[in-house]
Amino acid sequence: MGGHTVAVSDLTGGPIPTHVACVMDGNGRWAARRGLARTEGHAAGEAALLDAVEGALDLGIPWITMYAFSTENWRRPADEVRYLMGFNESLLVRRRDELHQKGVRIRFAGRRDWRVPKRVLRRMDESMELTAGNRRTTLTMAFNYGGRAEIVDAVRSLVADGVAPDKVNEKSIRSRLYYPDQPDPDLVIRTSGEHRISNFLLWQLAYSELVFDDVLWPDFRRGHLFEAVRDFQRRQRRYGGVT
Ligand code: FPP
């Protein structure tokens, strides 16, 4: 992959995924190749993120989820963690009006624990409030997010409510996920040539189609999304059955 040869009109005859989720990987390597600090790679990832959202709007994809910070990313050097917190905040301040105008509903999935600075939480809340009425697409930023943590949180909430063991089932667990209204991803894209899930949406991606692209995240543009959707359209989804 890597070319930009697929146009929107090539895709409109086939199924458009309802929910596309992205692991935005490779910012650090993109920066290292240029002799830049890792944080410069994250900064360059902003344009890729915005272009991917534009591409989703072009295709009419109603749900997009982007992995912006994982529960494991706290292990990174303190200055990179600090940068990513501040970057989330500044990105919201700089981009929320334009996303709002485009009809994007912004949401955040993840733990709101003490490690996320109050100021950052406030910007997240403001952005969610501002855009809550939009329905053209829902952009969920997975931030301080872990798939296992989400399942733990769901089970904790069932236990806290005294739900009986025989009422603990797939339906009740799903109802306690961060966003029970969100359909499971049809398509997951991971960039930078890594072939891992890395604790992303573990419950939700049971039947997702996975597309791996060698492009480093800062170089990702909507054309890469279109290619991934073309790959998706060529696959046969059987959900454990036969065709
Ligand atoms: C993975 O690249 C990327 C991240 C951990 C952050 C992704 C975030 C963005 C693209 C911008 C949006 C971010 C926020 C906080 C709103 P990496 O650093 O793991 O790269 P590497 O694998 O090459 O080291």
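Details of the structure are given in the entry above.
Source: prediction; values computed, not measured.

Chemist: Quick rundown of the packing of aromatic side chains? Include the residues and the values.
Modeler: For the coordinates displayed, the defined rule picks out nine aromatic pairs. The interplanar angle of 75° and the centroid separation of 5.8 Å between the aromatic rings of tyrosine 67 and tyrosine 145 together place this pair among those described as edge-to-face. Remark: tyrosine 145 occurs in strand β4 (residues 137-145) and tyrosine 67 occurs in strand β2 (residues 63-70); sequence separation between them is 78 residues. Assigned by exposure class, tyrosine 67 and tyrosine 145 land together as buried. Here the aromatic cluster, defined as three or more aromatic residues joined through ring pairs, consists of Tyr67, Tyr145, Tyr178 and Phe200. A cation over an aromatic ring shows up here: arginine 107 above the ring of tyrosine 179, its NZ or CZ 3.9 Å from the ring centre.

Chemist: Break down the pairing of β2 for me, citing the residues and quoting the values.
Modeler: Along any regular strand, the residues point their side chains to alternate faces of the sheet. With respect to burial, β2 is a largely interior element, seven of its eight residues being buried. Where strand β1 (residues 19-23) meets β2, five bridges bridge the pair, whose relative direction is parallel. Among the inter-strand pairings, histidine 19 is bridged to a residue of β2, identified as tryptophan 63. Bridge count for β2 against β4 is seven bridges, and the pairing is parallel. Residue pairing in the sheet places methionine 66 in a bridge with methionine 141 of β4.

Chemist: Got a sec to walk through helix α4 (residues 78-101)? Specific residues and values, please.
Modeler: Over its 24 residues, α4 runs 35 Å from end to end, which matches the ideal 34 Å to within 8%, given 1.5 Å per residue. Largest kink in α4: about 50°, centred on arginine 95. All of the buried residues in α4 are Glu80, Val81, Leu84, Met85, Phe87, Asn88, Glu89, Leu91, Leu92, Arg96 and Leu99. Tucked inside the fold, the buried residues of α4 contact α3 (38-59), β2, β3 (104-109), α5 (118-131) and β4.

Chemist: Break down the site of the ligand for me, citing the residues and quoting the values.
Modeler: Neighbouring the ligand are 17 residues; Asp25, Gly28, Arg29, Arg38 and Arg76 lie closest to it. Within the side chain of aspartate 25, an N or O atom sits 2.9 Å from an oxygen atom of the ligand. Asparagine 27 is positioned such that a nitrogen or oxygen atom in its backbone is 3.2 Å from an oxygen atom of the ligand. Relative to its unbound accessible surface of 610 Å², the ligand loses 92% to contact with the protein. For the shell around the ligand, the secondary structure elements donating two or more residues are α2 (27-33), α3, α4 and β4. Of the residues in the shell around the ligand, the class split is seven nonpolar, six polar and four charged.

Here is what the cut-offs are and how they apply
Residues numbered from 1 in each chain as written. Predicted model: local features only at pLDDT ≥ 70, side-chain atom pairs only at ≥ 80, totals over all residues. Heavy atoms only, no water. Phe/Tyr/Trp six-rings, centres within 6.5 Å; stacked < 30°, edge-to-face > 60°. Helix = DSSP H or I, 4+ residues; strand = E, 2+ residues; numbered from the N terminus. Buried < 20%, exposed > 50% of the residue type's maximum accessible area, 1.4 Å probe, protein only. Lys NZ or Arg CZ within 6 Å of the ring centre and 35° of its normal. Pairing = 2+ DSSP bridges. Expected span 1.5 Å × (residues − 1). Bend = angle between axes of the 7 residues up to and from the residue. Contact = heavy atoms within 4.5 Å. Near = heavy atom within 4 Å. Polar contact = N/O pair within 3.5 Å; in protein donor to acceptor, adjacent residues only side chain to side chain. Areas by Shrake-Rupley, 256 points an atom, 1.4 Å probe, with all protein chains shown as cover. Nonpolar A, V, L, I, M, F, W, Y, C, P; charged D, E, K, R; others polar.

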